[in-house]
2 protein chains.
Amino acid sequence: MRVARAFAPASIGNVASGFDCLGLAIRPVEGEPWGDVVTVRAEGPPLTVEGPYAHHLPDDPTDNLVLRCAGLYASELAARGHKARPAALTLHKGLPICSGLGSSAASVVAALAALDAWNGGVLADALLRLAGEGEAMVSGAAHLDNVGPSLLGGLQLCTSDGTCRSLPVPEGWRLCVVHPPLRVPTADARAVLPSQVPLDEAIQYWQTLATLVDALHRGESSRAAEAIRDRLIEPARAPLVPGFAEAKAAALDAGAAACSLSGSGPSVFAVCTEPSRAEAVLSALAAPFGPGVRQAVCHVDPHGAVVEEA
Amino acid sequence: MRVARAFAPASIGNVASGFDCLGLAIRPVEGEPWGDVVTVRAEGPPLTVEGPYAHHLPDDPTDNLVLRCAGLYASELAARGHKARPAALTLHKGLPICSGLGSSAASVVAALAALDAWNGGVLADALLRLAGEGEAMVSGAAHLDNVGPSLLGGLQLCTSDGTCRSLPVPEGWRLCVVHPPLRVPTADARAVLPSQVPLDEAIQYWQTLATLVDALHRGESSRAAEAIRDRLIEPARAPLVPGFAEAKAAALDAGAAACSLSGSGPSVFAVCTEPSRAEAVLSALAAPFGPGVRQAVCHVDPHGAVVEEA
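Residues numbered from 1 in each chain as written. Chains lettered and ligands numbered in written order. Predicted model: local features only at pLDDT ≥ 70, side-chain atom pairs only at ≥ 80, totals over all residues. Heavy atoms only, no water.

With respect to the overall build of chain A
Along chain A, the regular secondary structure elements total ten helices and 14 strands. For 310 residues, the compact-globule estimate of 2.2 N^0.38 gives 19 Å, and chain A sits close to it at 19 Å. Within the span of chain A, comprising 310 residues, buried residues form 55% of the whole. Taking the intrachain contacts of chain A between residues at least 6 apart in sequence as the baseline, contacts between residues at least 24 apart amount to 76%. For chain A, the accessible surface area stands at approximately 11700 Å², while carbon and sulfur atoms represent 52% of it. The centroid of the 22 positive side-chain charges in chain A is displaced by 3 Å from the centroid of its 32 negative side-chain charges. (Helix = DSSP H or I, 4+ residues; strand = E, 2+ residues; numbered from the N terminus. Rg over C-alpha atoms; globule rule 2.2 N^0.38 Å. Buried < 20%, exposed > 50% of the residue type's maximum accessible area, 1.4 Å probe, protein only. Contact = heavy atoms within 4.5 Å. Areas by Shrake-Rupley, 256 points an atom, 1.4 Å probe, with all protein chains shown as cover. Lys, Arg positive; Asp, Glu negative; His and termini not counted. Charge placed at Lys NZ, Arg CZ, Asp CG, Glu CD.)

Structure follows, in structure tokens:
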């Protein structure tokens, strides 16, 4: 093998109803996929960063998440008595950072998946856990709701026992996704959260999540879409995303079944249960943010990380 | 028709993981079913109360929940342009009140189901809603997590939109249920709840509930049973039930997969995923409460309310 390469897709964390436990891998219906790519070769500098969002990353390459994941991977290999093959990494940074699109998760997953292919797949059973640890280096906690879908694809229910389970998503669903030209660091978005929540609002929240999981298993599209809502976390975070309230109202007016922040924002998403409405919803969702937005009608990416070897 | 009679079973509200949204209808594996029976005839006093727990009810019959449900039923009939047939009711009070076994819900459901049979079944589509309203006359809020399973049977996910959905339960499960000789009024059990809960504990709670709903749909018995737990509500209520901590520890030691309060207590339940362990678990669960407990190994009652006409 001369080259191992892994693509890891963008993802919508939380999906409104599943704060810290639901995540959805996405892919634009048309055009290039959204995600990061990591390529591994035997020779070259330890890390080369390229791509449209390369300039978002710190200048000091030792600070780069991909290199830190390489260290994590090598440590795990060593703990199992293996030695990592020499690796020169290239990160194609396709996702903007602090975007709410699972950018750091995509880098983590692409790096680990590429490195594991490069090393013969010996840590396949540990990639999800390692990805959680990699994400924790950025966000401070091993939430799996972005790395889970970015690695495994689909809509993942990721729980505190370290497992992710794929939930069925109705085939016709489209996710309209808009990334306004803002950055909301995850740490800032965590800082606005209340440390305590009213019990009655928490009850509403878990009733809604339980309804969503149940409706998805039953294949009840409308009932599931109605259960994608968040009256607990979203109100605290919405002020960090100027224009969100107008965008949400416009998307719902245009026929979206649900609309919320993607992860901790600033990206927003709307769910269309009928594909024919998706373009109109996307336009409505994007308009309040003015020029400079990145936007796409997406569907669920069923694959997650995709590895190529040559 | 000379007589209409309805039986409504006991139920476990909350089921640990689904506070205010999960409820499970139960039936002892051996012996008589646990529940209330309401009989309707054309002639006689408005209400006769009999059965082992008749003495638990207020002496003033106009205060009786069953008569108030008859009023609710007649009002709904009148609103639809029908007139209620004259009805003389007999309540066989088979469940102790303030027991955590859905006693008031069983009275409400048995009354409404019997009255609807007596009146030709014209309000069949409204019985769940009316039962919620009947329950609210006692508990102050229209929670469906006892009336839902008592009416419909099975394990019900009851949400704030007024719907209940039956969740699949693994066939081998047994519910060991013990009712200590105490009364915990629902209002008292609500009063000890915190008005605010830590966000991180609420997150754990909804992750667990989502895992339970998912695991039940997949038929994953062990994973589902592990997701029957409550670290949020149970600690606040456990002090109302002296002996609970010892009983829970003993039940888990004896092989129970889960153990918690039934509804707001004082009854307690333990889940056995292997029927062969159920008797030992029941003994362990009952011992710390001393003499005078009511106890049974139960399975899920799949039927809910059962109506007979003669």
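Here the narrative resumes, following the displayed structure.
Some points on the pairing of strand β4 (residues 35–41) of chain B
Residue and element names in this part refer to chain B. Burial runs high along β4: six of the seven residues are buried. Across five bridges, β4 lies against strand β6 (residues 88–92) in antiparallel orientation. Considered in β6, the bridge of Arg41 is made with Ala88. (Pairing = 2+ DSSP bridges.)

A look at unusual backbone geometry
Residue and element names in this part refer to chain A. Gly265 connects to Pro266 through a cis peptide bond whose omega is 5 degrees. Here Pro266 is to be found in the loop between β11 (258–261) and β12 (268–272). Positive phi outside glycine occurs at Asn14, with the angle close to 75 degrees. Along the chain, Asn14 turns up in the loop between β2 (11–13) and β3 (22–28). For Asn14, a relative accessible area of 7% corresponds to the buried category.

Notes on the interface of chain A and chain B
Counting from both sides, the interface comprises 34 residues of chain A and, opposite them, 34 residues of chain B. With both chains or domains summed, chain A and chain B bury close to 3000 Å², and 59% of this area falls on carbon and sulfur atoms. On the chain A side of the interface with chain B, the three residues burying the most area are Arg165, Leu199 and Trp206 of chain A, jointly 23% of the side's total. Taken together, the links from chain A to chain B amount to two salt bridges. Of the charged contacts in the structure, one is a salt bridge between Arg165 of chain A and Glu220 of chain B, with a shortest N-O distance of 2.7 Å. Where chain A meets chain B, there are 13 residue pairs in polar contact (both at pLDDT 80 or more). Among the elements of the structure, β7 (155–158), β8 (164–167), β10 (196–198) and α6 (199–218) of chain A are those that each provide at least two residues to the side of chain A that touches chain B. Counting residues per element, the side of chain A that touches chain B draws most heavily on α6 of chain A, which supplies 14 residues. Of the residues contributing to the side of chain A that touches chain B, the split by class is 19 nonpolar, nine polar and six charged. Here β10 of chain A runs beside strand β10 (residues 196–198) of chain B; their pairing, made up of three bridges, is antiparallel. (Buried area = accessible area lost by both parts, 1.4 Å probe. Salt bridge = Lys/Arg side-chain N within 4 Å of Asp/Glu carboxyl O. Polar contact = N/O pair within 3.5 Å; in protein donor to acceptor, adjacent residues only side chain to side chain. Nonpolar A, V, L, I, M, F, W, Y, C, P; charged D, E, K, R; others polar.)

Some thoughts on the environment of Thr159 of chain A
Residue placement: Thr159 of chain A occurs in the loop between β7 and β8. Taking relative accessible area as the criterion, Thr159 of chain A reaches 9% and is therefore assigned buried. Contacts of Thr159 of chain A, omitting those with residues within four sequence positions, involve Leu144 of chain A together with Gln207 and Thr211 of chain B.

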